[in-house]
Each structure stands twice: as structure tokens, then as C-alpha cells.
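Geometric and topological summary
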Amino acid sequence: MNKVFGFEPVYNKDSKLLILGSFPSVKSRKIDFYYGNRQNRFWKTVCSFFGEDIPETRDGKIAFLLNRNIALWDIVTECEIEGSKDSTIKNFKIAGLEKVLQNSKISFIILNGSTAFEIFKKNYGNIDINYEKLPSTSPANPTFKSEVWFDALRRIFG
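Here's what I pulled together on the structure shown here.

Cut-offs and rules
Residues numbered from 1 in each chain as written. Predicted model: local features only at pLDDT ≥ 70, side-chain atom pairs only at ≥ 80, totals over all residues. Heavy atoms only, no water. Buried < 20%, exposed > 50% of the residue type's maximum accessible area, 1.4 Å probe, protein only. Helix = DSSP H or I, 4+ residues; strand = E, 2+ residues; numbered from the N terminus. Pairing = 2+ DSSP bridges. Right-handed = clockwise from strand over helix to strand, strands pointing away. Expected span 1.5 Å × (residues − 1). Contact = heavy atoms within 4.5 Å.

A look at the pairing of strand β6 (residues 108-112)
For β6, the tally of buried residues reaches five of five residues, placing the bulk of the element in the interior. Residues F108, I110 and N112 line one face of β6 and the alternating positions I109 and L111 line the opposite face, and both faces are buried. Relative to strand β7 (residues 130-134), β6 runs parallel, the two sharing five bridges. Opposite N112, over in β7, you have L134 as the bridge partner. In this fold, β6 hands off to helix α5 (residues 114-124), which returns the chain to β7; that crossover is right-handed.

Description of the sheet that holds strand β4 (residues 76-80)
An order of β1-β4-β5 is seen for the three strands of this open sheet, with the pairing classed as antiparallel. The sheet is open, and its two edges are formed by β1 (4-5) and β5 (90-94), each paired on a single side. Relative to β5, β4 is paired through three bridges, and the arrangement is antiparallel. In the strand pairing of β5, V76 is matched with I94.

Brief notes about helix α6 (residues 146-157)
If you check α6, its first and last C-alpha atoms are 16 Å apart, about what 12 residues at 1.5 Å a residue would give, namely 16 Å. Those residues of α6 that are buried are in contact with β2 (17-21), α2 (42-49), β6 and β7. One or two positions beyond α6, positive phi appears at G158, with a value near 80°.

Written as C-alpha cells, this is what we have:
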């Protein structure tokens, strides 16, 4: 199995929320940007919280995130993986979160799903920033409820 690589983080100096996924899906890697599977609920959930339509382009999505002070990255930056299944992630490298944390105003971290949470907790569990595991926005998660995401986003953005 070959190593597969994730994406660079999206953030700027004003970012105050960091959302960490696990690793990009096959569809995301194909379009070279986060949450590229149209069945994934990430963009629909976050954009609807702010009352905005989902941007059509990669640049539009980046602008949306930066305008809303949201940083986006994955906890795994490279790995061996079968398809898009988090359960098959192995021989992986962890994101060096210092890169984002030292150059932004991150005060809260959302972990998008159990895999992201478990890897984060194992490697950054003692971090001095509040963090929370939220239900995965993946189409593979049948129990997803946007209200849980809205509640967390409300605590951060009011």
C-alpha cells in the first residue's frame, strides 16, 4: 500500500476555531480539497449555521472559512489507507498543530468524529485549549445530527 498525503491547513492569524478531521476521503483527494464528497455533511452544516450557501469553488470555501475565523485541517497528514475508511489508517504521521496554533488565535478545537478525536487525544490530550469530539459529518455515520454541531458552533460564535 502506498502512502497518501493530506492537505495543508486553511487558517490565518484571526482563526479562532480549529476543526480537525481524520484524513481526506478518496473524493476529497480527487478534487484536492476538504470534504469533497457531496454526501458529506460538513459544508452543509457549517455554512447553514452561518446562514450561507455552500461556496461552489475551492477558493470560495477557503474565503468562507477565513471570513468566519475557522481553521480547517486533518489530524493525519499522511498515511496508508484503504479507500476512505478511517478504520484502515496505518503508518501515519500526525499534524504538527503548533504551526497553526502559534500563528492564529485558536481558542477551541472541534474533532470531526471518533478517529480524529482518538488520534488527537493520544497525541495532544494535554493541550491547553478546549476541545470537543463531535459526530462525524461523514455519510458513513447514520446517527449524525446537525443540532449537535450547531450547539458547539453557538458556544464559540454566539
